[in-house]
Amino acid sequence: MIRRIQHIGVAVRSLQEAIPFYRDVLGLELVGTEEVADQKIRAAVFRVGESSIEVIESTAPDGPVGKFIEKNGEGIHHLCFEVGDAAAALSHAKGKGIRLIDETPRTGVHGMRVGFLHPKSTFGVLTEFAQEGDEEH
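Asks: Is there a simple way to explain the environment of Glu 29 in this structure?
Replies: Residue position: Glu 29 is located in strand E2 (residues 29–36). Each residue touching Glu 29, except ones within four places of it in the same chain, is listed here: Val 45, Phe 46 and Arg 47.

Asks: Would you mind going over the sheet that holds strand E8 (residues 127–131) with me for this structure?
Replies: Whether parallel or antiparallel, the strands of a sheet pair through hydrogen bonds between backbone atoms. Ordered by their spatial adjacency, 8 strands build an open sheet running E2-E3-E4-E1-E5-E8-E7-E6, and the pairing between neighbours is mixed. In the strand order of this sheet, the two ends are held by E2 and strand E6 (106–107), each with one partner. In the packing of helix H1 (residues 15–25) onto the sheet, contacts are made with strand E1 (2–11), E2, strand E3 (41–48) and strand E4 (51–58), and the angle to E3 comes to roughly 0°.

Asks: Sorry if this is basic, but what is going on with the packing of aromatic side chains here?
Replies: The relation between two aromatic rings is expressed through the spacing of the ring centres and the mutual angle of the planes. Under the defined criterion, the tally for this structure stands at 2 aromatic pairs. Aromatic side chains Phe 21 and Tyr 22 sit 5.0 Å apart centroid to centroid with 85° between the ring planes, which places their arrangement in the edge-to-face category. Here Phe 21 falls in the partly exposed class, since its relative accessible area comes to 40%. Chaining the aromatic ring pairs together yields one cluster made of Phe 21, Tyr 22 and Phe 46.

What counts as what
- Residues numbered from 1 in each chain as written.
- Predicted model: local features only at pLDDT ≥ 70, side-chain atom pairs only at ≥ 80, totals over all residues.
- Heavy atoms only, no water.
- Helix = DSSP H or I, 4+ residues; strand = E, 2+ residues; numbered from the N terminus.
- Contact = heavy atoms within 4.5 Å.
- Pairing = 2+ DSSP bridges.
- Axes fitted to C-alpha atoms, helices over the stretch in contact; angles between N-to-C directions.
- Phe/Tyr/Trp six-rings, centres within 6.5 Å; stacked < 30°, edge-to-face > 60°.
- Buried < 20%, exposed > 50% of the residue type's maximum accessible area, 1.4 Å probe, protein only.

Below you can see the structure in the form of structure tokens.
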């Protein structure tokens, strides 16, 4: 079911301030930036081998990332696993008694179909399943 670690999400207050660290200090390739309005985020994606670092800032204080930063400060926000079928992965997790944030996948960065598991059911780690957007199941 899980193919690889797709990305690690890092919450920051300012992409403008964070991008130079990942690009210039660490030397990571900036794949691009994108806003996902319904999630109230702006993201910068950096390639790291077969995986990525998704640096995210909130576009609204009441958004999930804005609330996370207010409560926890900047830092690792979530761990994302690539799956072939996000709906099936969510259903499987629910069947195993895991609390879901998303009952069905929604559109995420780069058009991926994504769904989140609640950190209270995953040992404190917000966990995301992501399916490439061009696959249909």
